[in-house]
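Structural features, examined
This is what each chain is made of:
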Amino acid sequence: MARTAAKAGIGRAPHGKVGHGKVGKVNDDGRRGPRGKAEGTARVTLIAGDGVGPEVIGAAVKVIEAVGVKIDWDRQLAGAIALRRFGSPVPDQLIDSLKSTKVALKGPLETRVGEGYRSINVYLRKLFDLYANVRPVRTQAGVHTPFKGVDIIVIRENTEDLYAGIEHQVAPGVVESVKIITARASTRIARFAFEYARTNHRHLVTAIHKANIMKLSDGLFLKCAQRVARDYRDIEYKEQIVDAACMRLVTNPHAFDVLLLENLYGDIVSDLCAGLVGGLGFVPGANYGKHGAIFETVHGTAPDIAGKGIANPVAAIKTGALLLDYLGYGSAGDRIRAAVNAVLRAGRVITPDIDGKATTADMTAAVIRALK
Ligand code: NAD
């Protein structure tokens, strides 16, 4: 991808060639349309991940195979399993693979609370400067939720904020975490959000902040967003304080369209938005940079259900569809989304998170049948 990874046309053809053609119209997932035209077999790094990762990533791979797109998967280990096998949670061969393929489908990786190595997810996003995290949140027909017609795109800055991981003990019993906000990163994520909005015929970008308290850091983020907004007079721009925005999201989600957030607020608000459409099992995601992308669900390793074969594979399958869009196989991505929608609408083969009895494997098989 060139320029604002966004020039809304994120996409590249296989063979490492970056395509940044004009983006097609928005599909029913709120994604940008197909970009580069795919030729040949794409090489993609595949990281199954921890917990439910192998179950749901396995489902996504099966569905991609069933839709007829040939991908040369370069399977790599990361996280706890890599640490055990190679002595590092981010082994050299993983980094080499990502440098070569520049694109990955990745399962969630565990990050211990209050101890252990730092988040591999955050590390990879920063290492490859995948600065824009995009999460389309949309009501699914057949999934019962308090609101109908939710259609929100969460765009989260991925490289700084409190996620910079700069923490130290000032004195026993006193610690500091440093929140880094720069004009450069704030401006490029704002431009990404507006480009996304324009390309996908979205009408409103809402910047979410806490600049009433963090006047310097969130104040800078807002100033950058305001400056960028002036270049996009065709798109309405609003601002909202994060706590009030959360209240509004759960009372009137239709008041939002594209959300523009710093890293931490983006993380929290993503899960809140997932709750509006049936839970974490439904929301796909992508991390885009200038030179590559990693596709991963919003959800984590789901340790409470890992190994039981009951994880909802929809988020991962839809993440796989976003990968296909990126690789230039937009119509295959559309077929996958249509098949997922058909299975959910029928409501017969669904996982326990939405009150069904099906296993991950059953639901994956139902999606594959619906492709045909
Ligand atoms: P989580 O997303 O793993 O789970 C939260 C809840 O949602 C759980 O009840 C879980 O069962 C449910 N859930 C999640 N995915 C589901 C699915 N596909 N189907 C059905 N139910 C699903 O969040 P957590 O428990 O806070 O985190 C667990 C671990 O995952 C932590 O180590 C965290 O750091 C990691 N994590 C990783 C990523 C990533 O790799 N990108 C993202 C988020 C969390």
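Residues numbered from 1 in each chain as written. Predicted model: local features only at pLDDT ≥ 70, side-chain atom pairs only at ≥ 80, totals over all residues. Heavy atoms only, no water.

**Examining the overall build of the protein chain**
In plain terms, the rule: Secondary structure elements follow DSSP: runs of H or I no shorter than four residues count as helices, runs of E no shorter than two count as strands, and numbering proceeds from the N terminus. The contact criterion used is simple: two residues touch if any of their non-hydrogen atoms lie within 4.5 Å. Here the open area of atoms and residues is found with the Shrake-Rupley method and a 1.4 Å probe, where only the protein chains shown may cover a residue.
Along the backbone of the protein chain there are 11 helices and 12 strands. Looking at the protein chain alone, contacts between residues at least 24 apart form 73% of all its contacts between residues at least 6 apart. Of the roughly 15500 Å² of accessible surface on the protein chain, 55% is carried by carbon and sulfur atoms.

**A word on the nonpolar core**
Convention followed: Residues enter a nonpolar core if they are buried and are Ala, Val, Leu, Ile, Met, Phe, Trp, Tyr or Cys, with the set joined through side-chain atoms within 4.5 Å. Partly exposed describes any residue whose relative accessible area lies between the buried limit of under 20% and the exposed limit of over 50%, with all areas from a 1.4 Å probe on protein chains only and scaled to the type maximum.
Phe295, Leu323 and Ile336 are the most contacted members of the largest nonpolar core, which has 72 residues in total. The element contributing the most residues to this core is helix α9 (residues 314–327), with nine residues. In this structure, Ile336 is in contact with Val63, Ile64, Val67, Ile317, Ala321, Leu324 and Leu371, ignoring residues within four places of it in sequence. Ranked by size, the runner-up nonpolar core spans 22 residues in total, among them Ile152, Val154, Tyr265 and Val277.

**Some points on the side chain of Thr159**
Applicable threshold: The term polar contact refers here to a pair of N or O atoms within 3.5 Å; inside protein, the definition further demands a hydrogen-donor-capable atom paired with an acceptor-capable atom, and it admits residues adjacent in sequence only when both atoms are side-chain atoms.
Take Thr159: it is sitting in the loop between β5 (151–157) and β6 (167–171). A distance of 2.6 Å separates a polar atom in the side chain of Thr159 from a polar atom in the side chain of Glu157. Residue contacts for Thr159: discarding those within four places in its chain leaves Lys126, Asp129, Tyr131, Ala185, Arg188 and Asn263.

**Considering the site of the ligand**
Applied cut-off: It suffices for a single heavy atom of a residue to lie within 4 Å of a molecule or strand for the residue to be listed as near it. Only Asp, Glu, Lys and Arg are considered charged, only Ala, Val, Leu, Ile, Met, Phe, Trp, Tyr, Cys and Pro nonpolar, and every remaining residue, Gly among them, polar.
Contacts to the ligand come from 21 residues, most closely from Leu109, Thr111, Gly300, Ala302 and Asp304. Within the complex, 70% of the 810 Å² of free accessible area of the ligand lies under protein. When the residues that make up the shell around the ligand are grouped by side-chain class, the tally is eight nonpolar, seven polar and six charged.

**Brief notes about helix α5 (residues 183–199)**
Rules: One fewer than the residue count of a helix, multiplied by 1.5 Å, yields its expected span.
Its 17 residues place the ends of α5 24 Å apart at the C-alpha level, agreeing with the 24 Å of an ideal helix rising 1.5 Å per residue. Extensive coverage of α5 is indicated by the burial of 12 of its 17 residues. Buried within α5 we find Ala185, Ser186, Arg188, Ile189, Ala190, Phe192, Ala193, Phe194, Glu195, Tyr196, Ala197 and Thr199. At the exit of α5 stands His201, carrying a positive phi of roughly 55°.

**Considerations on the packing of aromatic side chains**
For the record, the criterion: Only Phe, Tyr and Trp rings take part, Trp by its six-membered ring, and two of them pair if their centres are within 6.5 Å. Stacked means planes under 30 degrees apart, edge-to-face means over 60, and tilted covers everything else. We call a charge positioned above a ring when the Lys NZ or Arg CZ atom is no farther than 6 Å from the ring centre and deviates by at most 35 degrees from the ring normal.
The tally for this structure, following the rule as stated, stands at seven aromatic pairs. When the centroid spacing of 5.8 Å and the interplanar angle of 85° are considered together, the rings of Tyr288 and Phe295 count as edge-to-face. Phe295 carries the same exposure label as Tyr288, and that label is buried. An aromatic cluster of at least three residues, connected via ring pairs, comprises Tyr131, Phe192, Tyr288, Phe295 and Tyr326. The cationic tip of Arg156 hangs over the ring face of Tyr163; the distance from NZ or CZ to the ring centre is 5.1 Å.

**Considerations on the pattern of salt bridges**
Rule in force here: What makes a salt bridge here is a side-chain nitrogen of Lys or Arg within 4 Å of a carboxyl oxygen of Asp or Glu, nothing more.
The final tally for this structure, using the stated rule, is 19 salt bridges. Of the charged contacts, one joins Arg198 and Asp234 as a salt bridge, the two residues approaching to 2.8 Å between their closest N and O atoms. Of the two residues, Arg198 is situated in helix α5 and Asp234 in the loop between α6 (217–229) and β9 (236–241); the sequence distance between them amounts to 36 residues. Given the relative accessible area of 36%, Arg198 is considered partly exposed. Residues joined in a network through salt bridges with shared partners are Arg138, Asp151, Arg202 and Asp257.

**Looking at the packing of α5 against α6**
Rules: Inter-axis angles, ranging from 0 to 180 degrees, are taken between N-to-C directions of lines fitted to C-alpha atoms, where helices are fitted over the stretch in contact. Here the word oblique covers every angle except those under 35 degrees (roughly parallel), over 145 (roughly antiparallel) and from 65 to 115 (roughly perpendicular). By convention the crossing between two helices is left-handed if the near helix lies anticlockwise of the far one by an angle smaller than a right angle, and right-handed if it lies clockwise.
Two elements in contact, α5 and α6, have axes separated by 8 Å at closest approach and are oriented at 45°. The angle between α5 and α6 falls in the class oblique. α6 is crossed by α5, and the crossing has right-handed handedness. Residue-level inspection shows Ala183, Ser186, Thr187, Ile189, Ala190, Arg191 and Phe194 of α5 in contact with α6, the latter providing Leu220, Phe221, Cys224, Ala225, Val228 and Ala229. Taken together, the residues that form the contact of α5 with α6 break down as 10 nonpolar, two polar and one charged.

**Overview of unusual backbone geometry**
Non-glycine residue Asp129 carries a positive phi angle of around 50°. On the accessibility criterion, Asp129 (28% relative accessible area) is partly exposed. Of note, His201 is a non-glycine position whose phi angle comes to about 55°, a positive value. Its place among the elements puts His201 in the loop between α5 and β8 (204–209).

**Notes on the pairing of strand β7 (residues 174–177)**
Going by this rule: For two strands to count as paired, DSSP must find a minimum of two bridges between them.
Sheet topology places β6 next to β7; four bridges connect them, and they run antiparallel. Bridging across to β7, Gln169 finds its partner in Val175. Where β6 folds back onto β7 in an antiparallel hairpin, the turn is made up of two residues, including Gly173, whose phi is positive at roughly 85°.

**Concerning the sheet that holds strand β3 (residues 103–106)**
Read from one edge of the open sheet, 10 strands run β2-β1-β3-β12-β11-β4-β5-β10-β8-β9, paired in mixed fashion. Sheet topology places β2 (71–76) and β9 at the edges, where each strand pairs with a single neighbour. Going across the sheet, the axis of each strand differs from the next one's by a mean of 25°, ignoring polarity. Two elements, strand β1 (residues 42–47) and β2, share six bridges in a ladder whose sense is parallel.

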